[in-house]
Amino acid sequence: QKKTNTNKGLSGIKFVISGTSDAGVKVSTTVTTDKNGVAVSGPILVGTYTITEDKSTIPAGYIDGKTIDKVVVKRGEVADATIIGTTTLKYLLQR
């Protein structure tokens, strides 16, 4: 979730989820925040991934997020990854 300092969600912010699944499949997908500032992906294969905020989609005057390394996706769970406190990407794990 990407929010302003007044707690309003920012739409149109892109995040890239990339890495290799436990089965050796390379994964790279992009998700975009909705009008509430929330980005939700479809199923992600079980594995370990990096999540990066696409700096080119951040409006002028806003701080860009840091990359998160080693986000572990486990079977049948929903996980959150936080980038700089107010940026959260939610994704659904593969069953």
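Computed from a predicted structure; not experimentally measured. Residue numbers run consecutively from 1 along every chain, following the written order of its sequence. Per-residue local features of the predicted model are confined to residues with pLDDT of at least 70, and side-chain atom pairs are confined, for both listing and counting, to 80 or more; whole-chain, interface and lining totals are unaffected and use all residues. Side-chain metrics rest on all non-hydrogen atoms present in the structure, leaving aside hydrogens and water.

Bringing the sheet that holds strand β1 (residues 14-21) into the picture now. Paired strands are those between which DSSP finds at least two bridges. Helix and strand definitions follow DSSP, with helices as H or I runs of at least four residues and strands as E runs of at least two, each counted in order from the N terminus. Ordered in space as β2-β1-β4-β5, the four strands form an open sheet in which the pairing is antiparallel. The open sheet has two free edges, formed respectively by β2 (26-32) and β5 (68-73), since each of these has just one partner strand. Ignoring strand direction, the axes of neighbouring strands in this sheet form an average angle of 25°. Two strands pair when backbone bridges link them, and β1 and β2 are joined in this way by seven bridges, in the antiparallel orientation. Paired with T20 across the two strands is K26, which belongs to β2. With axes taken as lines fitted to C-alpha atoms, and helix axes fitted only over the stretch in contact, angles between N-to-C directions fall between 0 and 180 degrees.

For every residue, the predictor reports its confidence as pLDDT, a number between 0 and 100. Taken over all residues, the pLDDT of the protein chain has a mean of 76, while the share at 70 or more is 69%. Across residues 84-95, where pLDDT falls below 50, the model places 61 contacts with residues more than four positions away in sequence or in other chains. In this analysis, two residues are considered to be in contact whenever any of their non-hydrogen atoms come within 4.5 Å of each other.

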